[in-house]
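Report on the structure
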Amino acid sequence: MKRLILMAVFAACLPFKELTAQVEKPKLIVGIVVDQMRIDYLYRFEDKFSDNGFKRLMRDGFFGRNTHYNYVPTYTGPGHASVFSGTTPSVHGIIANDWYSKAIKKKINCVDDSTVTAVGNANGGKSYSPINMLSTNLADELKIATQGEAVVVGVSIKNRGAILPGGHFPNGAYWFDDKTGNFVTSTYYKKQLPGWVIAFNKRKLAREYMTGQWETLLPIAQYTESGPDDNPYEVKLGNSKQPVFPYDLTAIRKKDGDYGSLPRTPFGNTIVADLAKSAIAGEQMGKDDVTDLLTVSFSSTDYIGHLFGPDAKEIEDCYLRLDKDLADLFAYLDEEVGQGEYTVFLTADHAVAQVPQFLIDKKIPAGYIKQKPIESIVIRGIEEKYGKADWIESVSNDQIFLNHRVLNEKKINKNEFMDDMISILLTFQGIKNVFKGTDMNTREYSKGIRSRLQLGYNVKRSGDLLLVYEPGWFQTGYGKTGTTHGSGYNYDTHVPLLMYGKGIPAGYNSVKPISITDIVPTLCLLYEINLPNGANGQPIEEVFQNNQ
Ligand code: ZN
Ligand code: ZN
Ligand code: ZN
């Protein structure tokens, strides 16, 4: 009897033992960022998507419908850094795309690195690396855990879209050089381009894609999910006379004399998908049992979104074509890595606002903040009380950097000085609130806009005063056409999250709140990878449904 009970206990333990002993790991993780993708594109264009692109992930994977950025500013650099590191600018330090550096007193780009030069450009010159990113990410942790055996590659049109996801020591990161139409890297990674990238560049795809016309994929009359093609809210592409189809790409390229307009067409996405396939083949990714990581950032969605806005025919066409590019990429993965052997996740680095003028015309409160006039009125007000001096060192990304040298020399009470400045700023229409960096640094906020600002605030890099605008307002050089992103409002924070592959439930829809920083902790716990050192997101429990 005793023996029977023992055996029963032993048997009861077995399934658990087996489960923990054999975590099924994918041969390849493909992390896709669609630059500026709003969640509503999945719903609006769903009927026109193929079965094998976005819909394959929605149908056969996990769909996080309520996934948001949990910090401001919602820009590309911070977005890519946050997705892959599972933390926010306060920790990884990528506070914007470009910011005023308090240390060296000038503006820098998030991927600037003065110690490296370009590889693959005709004339070398300055180049880029991830040195400004202060924490590890999924790529770094995979590399460390496998003694460097995991193959990690990042590709994108944008340098920051390739560099930040790839972490600090990938096999390579490649981005687009719009002068030559080639993909390039920097000496941070290697002294020369690998053979497969040289061979890829020799195919001259940029030239091919910038030849002929950009016409709509389906007859334009079927694009009932977007507004009229010719409308007052769109910027014209290249030298086109009207913001309407068809666009004469050969003429645009000849006028430009280079490939600067390719990213502003859907074919900027296609060439990145082509490069992703070449990377899989060239680096032998997904061929052995060590999990590899390919990061793919599609940038044309962002360029087209800025020019035409979220309701344009151009954006609809861009997404229908991206859907095809994705379907092709997944078919290639099925073939080369094997169906069921890889994991894909897809999200965005931020979403985007409606064109403010479009909202104004619909009687919805919205507007444009013009930085220069505000600056001069604020300075005039400050000078009335404190006299003339260089009070402001810089204004960047809706943050004011005070001149601390002058404030210290004149022994001015900084808190009072900031209060004075805030009361002047609050007299402007469109400015909702202004917060102090000192509060971000000394208090602990757990929700709302203060929390989002705090998670985006890095004491060594961020400014002294943080401006928040009313919903629908943004600071612009945009005029009344085109749009942008950067706020903590839903239109900028709400992004898709699709996860598909090994161990991930199929057809699971979630409306629970998910933070952008939750994605990588989820993958790390699912596949037994160490959490990136600064990660503070939580695993999405619903993804573990299959494993209970
Ligand atoms: Zn972006
Ligand atoms: Zn148009
Ligand atoms: Zn953008």
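Structure first, text after, so check above.
Read on for an overview of the structure. Since the structure is predicted, the reported quantities are computational estimates derived from the model, not experimental observations.

Here we take up the overall build of the protein chain. Per the secondary structure count, the protein chain includes 21 helices and 22 strands. On C-alpha atoms alone, the protein chain measures out to a radius of gyration of 24 Å, which is about the 24 Å that the 2.2 N^0.38 rule sets for 548 residues. Based on the C-alpha atoms only, the size of the protein chain along its principal axes is roughly 90 × 65 × 50 Å. Considering the protein chain as a whole, with its 548 residues, one finds that 59% of them fall into the buried category. Once local pairs closer than 6 in sequence are excluded, the contacts in the protein chain between residues at least 24 apart make up 73%.

Secondary-structure assignment places asparagine 269 in helix H11 (residues 267-282). Note: C-alpha distance between asparagine 269 and tyrosine 319 (50 residues apart in sequence) is 9.9 Å.

What follows concerns the sheet that holds strand S15 (residues 392-396). Strands sit in the order S15-S16-S18-S17 across an open sheet of four strands; the sheet is antiparallel. Each of the sheet's edge strands pairs with one partner strand only, and the pair in question is S15 and strand S17 (431-436). The mean inter-strand angle of the sheet, taken between neighbouring strand axes irrespective of direction, is 20°. Running at roughly 170° to S17, helix H17 (residues 414-425) makes contact with S15, strand S16 (399-402), S17 and strand S18 (465-469) of the sheet.

Here the zinc ion (ligand 3) is held by the protein donor atoms Asp302 (OD), Asp302 (OD), His306 (NE2) and His485 (NE2), which lie 2.0 to 2.7 Å from it. Classification of the site at the zinc ion (ligand 3) as irregular follows from its four donor atoms and the range of 53 to 157° in their angles at the metal. All donors to the zinc ion (ligand 3) come from one chain, and their sequence spacing reads D-x3-H-x178-H. If you look at the zinc ion (ligand 3) and the zinc ion (ligand 1), they sit 4.2 Å from each other. Of the two residues, aspartate 302 sits in helix H12 (residues 300-308) while histidine 485 sits in the loop between strand S19 (473-475) and helix H20 (490-493), which places them 183 residues apart along the sequence.

Among the residues making up helix H19 (residues 448-455), those that are buried are Ser451, Leu453 and Gln454. Along H19, the residues classed as buried sweep out an arc of 160° about the axis, all on the same side. Elements in contact with the buried residues of H19: helix H5 (89-92), S17, helix H18 (437-442) and S18.

Packing of helix H15 (residues 371-386) against H17 brings their axes to within 10 Å, and their N-to-C directions diverge by 135°. Classified by the angle between their axes, H15 and H17 sit oblique to one another. Crossing geometry of H15 relative to H17 is assigned as right-handed. For the pair formed by H15 and H17, the contact residues are Ile374, Ile377, Val378, Gly381, Ile382, Lys385 and Tyr386 on the first element and Glu416, Phe417, Asp420, Met421, Ile424 and Leu425 on the second. Class assignment for the residues of the contact of H15 with H17 results in nine nonpolar, one polar and three charged.

Moving on, we get to the coordination of the zinc ion (ligand 2). Here the zinc ion (ligand 2) is held by Asp229 (O), Asp229 (OD), Glu234 (OE), Pro243 (O), Glu314 (OE) and Glu314 (OE), and the distances to it run 2.1 to 2.7 Å. What the six donor atoms of the zinc ion (ligand 2) show is an angle range of 52 to 169° at the metal, which sorts the shape as irregular. The sequence pattern formed by the donor residues of the zinc ion (ligand 2) is D-x4-E-x8-P-x70-E. Of this pair, aspartate 229 sits in the loop between strand S10 (213-214) and strand S11 (247-248) while proline 243 sits in the loop between S10 and S11, and the two are 14 residues apart along the sequence.

Thresholds applied
Each chain has its residues counted from 1, following the order in which its sequence is written. In the order they appear in the text, chains get letters beginning with A and ligands get numbers beginning with 1. Two thresholds apply to this predicted model, a pLDDT of at least 70 for residue-level local features and 80 or more for giving and counting side-chain atom pairs, whereas whole-chain, interface and lining totals are computed over all residues. Calculation of side-chain values draws on the structure's entire complement of heavy atoms; hydrogens and water are dropped beforehand. Helix numbering and strand numbering both begin at the N terminus, where a helix is a DSSP run of H or I of at least 4 residues and a strand a DSSP run of E of at least 2. The reference for a compact globule is 2.2 Å times residues^0.38; the radius of gyration itself is calculated from the C-alpha atoms. With a 1.4 Å probe rolled over the protein chains alone, any residue whose accessible area is under 20% of its type maximum counts as buried; one over 50% counts as exposed, and the rest are partly exposed. Only heavy atoms matter for contacts: two residues are in contact if any of them lie within 4.5 Å across the pair. If DSSP finds at least two bridges between two strands, the strands pair. An axis is simply a line fitted to the C-alpha atoms; with a helix, the fit covers only the stretch in contact. Between two such axes, the angle follows the N-to-C directions and lies from 0 to 180 degrees. We call an atom a donor if it is N, O or S and sits within 2.8 Å of the metal, or 3.2 Å for Na, K and Ca. Water is not counted, so some sites may look partial. Irregular is the default label, applied whenever a site is not tetrahedral (four donors, all angles between 85 and 135 degrees) and neither square planar nor octahedral (four or six donors, opposite donors over 155 degrees apart, all other angles between 65 and 115). An arc is given here, and it is the one of the directions from the helix axis to the C-beta atoms. When describing relative orientation, an angle under 35 degrees is termed roughly parallel and one over 145 degrees roughly antiparallel, while 65 to 115 degrees is termed roughly perpendicular and anything else oblique. Each helix crossing is assigned a hand: it is left-handed if the near helix lies turned anticlockwise from the far helix by less than a right angle, otherwise right-handed if that turn is clockwise. Side-chain classes follow a simple rule in which Ala, Val, Leu, Ile, Met, Phe, Trp, Tyr, Cys and Pro form the nonpolar group, Asp, Glu, Lys and Arg form the charged group, and the remainder, Gly included, forms the polar group.

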